[in-house]
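Structural characterization, general
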Amino acid sequence: MEIITPGNDFFKFIEDNINEDTSKLRLKFHNKNTTFNLPLALIQIECRKKCVHKLPSFLSNRLAIFPDVVASEQASHEAVANFHSILAQGNERILDMTAGLGIDSLAFAKNGCNVISCELNENKAACLDYNRKILNLNSLKVENTDSLVYLKETDNFFDMIFIDPARRGEGNSRVYNFKDCQPDIISNIDLLLSRAHSVMIKASPLLDITQTLKDIPHVKTIRAISVNGECKEILIEASDLKRPDCNNRILAEAIDLANDSSINCKFSYYIDSLKGSNKKHINNMMELYANKDNIVTGYYLYEPNATMMKLAPWEDLSLKFPSLKKFSDSTHLFVSDTLLPDFPGRKLIIKGIPDKKMLKNLKGSHLNVVSRNYPMSADELRKKLNLKEGSDDFLYAGKIKSSTILILATRI
């Protein structure tokens, strides 16, 4: 398992043609002899284009190599991988069961952990071994093997096991729940928990959390993680250690990261590990909901971010911010007479409720349109009203109870 180190002509070709169309380059150099591996060089150009925003640190090293395009597409965003490594602080020995390109393994190793990284695909394993060598990460060891076989045969015990199961089914179709992923976490969770103090599982943003709590024992944290507003993953942490929390509570967090892995926004609460929810007794549920009298010019409109939409902790949100009123059960917008700087999402000030004449006068205006539980999609409404995208001004379309409503608002 070793990759031949490319020469300078290989990397110079990539740098000279980084903005070129790889299909045209393939035709241009067809049947021409080159002093380097042309197909691999073309893969590098394509991958670097795809990952220019996702993997800036990795790409800053001109010698770094991608094994294939799929590995670049499936790799963790660097901001998320670095956040994983921050969560792993204090864990000296880590096993990455499904390395792929190895962005998480590299992040763990850079943060001072001793990492064993398993990758079944020989080409991917060879590339990761090459990349860790050029980065001088001697605390990272690559194993070209089936990680489940490795776990069953090794005497090693780890502080943490990290796993990002493959989410592709038959015919390369996307799958989301653990029972459909590879390796099979549900069937092997007892093995994983017997080989480590904790297990960190990276999952699709579309993961069914309620079902996961039934499938995975000893869950201690659930995090929905986004980067600059785009939800990237659900991160599950499980442990077979007895926790001091005797109330079977699971820490849940909705976290939005900046590109440097710093936290833009975080909302934390607890859920019941047995019920998969944290329903609270609120004396008057009607107090949580808005009516049209609450939509007043100068009041504040709130739209939860992507991670909040995934976790949907609406009662916990209302308990933390008592002045909030929700539009309806199915319209996840909120209004308040108070500015809430720590609200986990977009904050706007209401400019008014447009009537027919005002809507007609808006023709050609630059307005961002947002539709939440409204009979028309944002695109349909934008086309109907002949609006252009852009600016900090918004037109929100939703429902207050069962009545539709349009709201003009400006981002704060």
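Residues numbered from 1 in each chain as written. Predicted model: local features only at pLDDT ≥ 70, side-chain atom pairs only at ≥ 80, totals over all residues. Heavy atoms only, no water.

Examining the pairing of strand S5 (residues 196-203)
Selection criterion: Relative accessibility thresholds used throughout: buried, under 20% of the residue-type maximum; exposed, over 50%; partly exposed, between the two (1.4 Å probe, protein chains only). For helices the rule is a DSSP run of H or I covering at least 4 residues; for strands it is a run of E covering at least 2, with both sets numbered from the N terminus onward. At least two DSSP bridges between two strands are needed for those strands to be called paired.
Within S5, 7 of the 8 residues are buried, which leaves it mostly tucked inside the rest of the structure. Relative to S5, strand S4 (residues 158-163) runs parallel, the two being bridged by 5 bridges. By the bridge assignment, Met160 is partnered in S5 with Ser198. When S5 meets strand S7 (residues 230-239), the two strands line up antiparallel, connected through 6 bridges. For Ile201, the partnering residue across the bridge sits in S7 and is Ile236.

Side note on helix H10 (residues 185-194)
Operational definition: Here a residue-residue contact requires only that any non-hydrogen atoms of the pair lie within 4.5 Å. Between N or O atoms, a polar contact is any pair within 3.5 Å; within protein, one atom must be a potential hydrogen donor and the other a potential acceptor, and residues adjacent in sequence are included only when both atoms are from side chains.
What H10 keeps buried is the set Ile185, Asn188, Ile189, Leu191, Leu192 and Leu193. Against the buried residues of H10 lie helix H9 (147-153), S4, S5 and S7. Where H10 starts, the residue carrying a side-chain oxygen 3.2 Å from the main-chain nitrogen of Ile186 turns out to be Asp184.

As for unusual backbone geometry
Despite not being glycine, Asn373 has its phi angle at roughly 60°, a positive value. Within the element layout of this structure, Asn373 appears in the loop between strand S14 (368-371) and helix H15 (378-385). With a phi angle near 55°, Asn386 is a residue other than glycine that sits in the positive phi range. Relative to the helices and strands, Asn386 is located in the loop between H15 and strand S15 (393-400).

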